[in-house]
Amino acid sequence: GEPKLNFILVGMDSVSRQNMKRYMVKTWSYLEKEFNFLEFRGYNKVADNTDPNMTPILMEATTEDFKEFKLKCYRKQRAFFDDCPFIWKEFSKNGYVTSFAEDNSFIGLYHYNKVGFIEEPTDFRNRPFFMASEKELTDEKKKRKNCVALKPTADVIFNYGLQVLDSFNGKAPIFGFFYSITHSHDSDTKQAILDEPLLKFFKSFKEKGHGNNTIVLLMGDHGLRFGDIRSTYLGALEERLPLVSMIFPDWFPKKYPKTWNNLNVNTRRLVNNYDLHLTIKSVFSGTFENPYNLQSTTGRGQTMFLEIPTNRTC
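First, a word on what this report is: a plain description of the structure on this page. No experiment lies behind these values; they were computed from the predicted model shown. (Residues numbered from 1 in each chain as written. Predicted model: local features only at pLDDT ≥ 70, side-chain atom pairs only at ≥ 80, totals over all residues. Heavy atoms only, no water.)

Our focus in this paragraph is the overall build of the protein chain. In terms of regular secondary structure, the protein chain is built from twelve helices and nine strands. With the C-alpha coordinates aligned to their principal axes, the bounding extent of the protein chain is approximately 55 × 45 × 45 Å. Burial analysis of the protein chain (314 residues in total) assigns 57% to the buried set. Pairs at least 24 residues apart make up 77% of the contacts formed inside the protein chain by residues separated by at least 6 positions. Surface accessibility of the protein chain: about 13900 Å² in total, with carbon and sulfur atoms responsible for 52%. Where the 43 positive side-chain charges of the protein chain centre and where its 38 negative ones centre are 1 Å apart. (Helix = DSSP H or I, 4+ residues; strand = E, 2+ residues; numbered from the N terminus. Buried < 20%, exposed > 50% of the residue type's maximum accessible area, 1.4 Å probe, protein only. Contact = heavy atoms within 4.5 Å. Areas by Shrake-Rupley, 256 points an atom, 1.4 Å probe, with all protein chains shown as cover. Lys, Arg positive; Asp, Glu negative; His and termini not counted. Charge placed at Lys NZ, Arg CZ, Asp CG, Glu CD.)

Let's shift gears to the environment of Lys-208. Among the structural elements, Lys-208 can be located in the loop between helix H8 (195-207) and strand S8 (214-220). Note: C-alpha distance between Lys-208 and Leu-165 (43 residues apart in sequence) is 9.4 Å. Among residues more than four places away in sequence, those in contact with Lys-208 are Asp-166 and Asn-169.

This paragraph deals with the sheet that holds strand S9 (residues 244-248). Strand order in the open sheet made by the seven strands is S2-S9-S8-S1-S7-S3-S4, with mixed pairing throughout. Looking along the sheet, the strands with just one partner apiece sit at the ends: strand S2 (36-39) and strand S4 (124-125). For S2 and S9, the ladder comprises four bridges, and the chain directions are antiparallel. Note on S9: the bridge partner recorded for Phe-37 is Ile-247. In the packing of helix H12 (residues 273-285) onto the sheet, the strands contacted are strand S1 (6-12), S8 and S9, and the crossing angle to S8 comes to about 165°. (Pairing = 2+ DSSP bridges. Axes fitted to C-alpha atoms, helices over the stretch in contact; angles between N-to-C directions.)

Here's what the structure looks like:
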């Protein structure tokens, strides 16, 4: 078979598509110019905050089941997440090296008001490093620090992502989940801090040739959920319309013209978190051309490699 493609999810908390265009101008124009870059304008979130929006993407689960403690692996608030069917486990079974990094240990995805994992969920994770650096370098009262030494925390996360890609390039396919919370969670304007680290990441990513064998999902979990802008009409819309964009290797459209066409059509269709889960599934199974065998056990969603019907509603 052909070598498997790397898949990396680069996430930024509370970033809407519009807000990225406002405040991460350099990165946006670089992505448009240098990559097969698709933005899914009709992407709509399915829940309020981070974890019920990310969980349907990361595991085959509905938001409701997650919130009502109905998942087999998550029956109560103090449950560990080790037994949950995270998608990186499937990548692992398919020979992938897996990695997971967040730039804030306190409000991490499965740690804020939750208890996290007993064992390391992925082959590589940066949580121990962040816990140590936060202890040594944090203003304790704020419980949140924006820098590790002299670098913005997002820079550290994206750099970690590059290190994973550099280390295993050509040796094993990679699954990466790199998530930045610190700079973007509380403010629309402070999201501008992400522009430089993100641009640096994508420039290195391209220069080192990772673009040839990697599919990237660059996304926000939701838009900004509070503050002055949230009380405006536009702010209310943006909160429900997070950034969801994907980057594909240069050769992808030529090799899979029909699939590429479907993806382009879907940039203007109503898509959601459940679709993303099945789309990511298509990556390790390599079913870009005939992804019909991918069924969702929740009965929701379909892979975005197939055309999403126009008559779909919320």
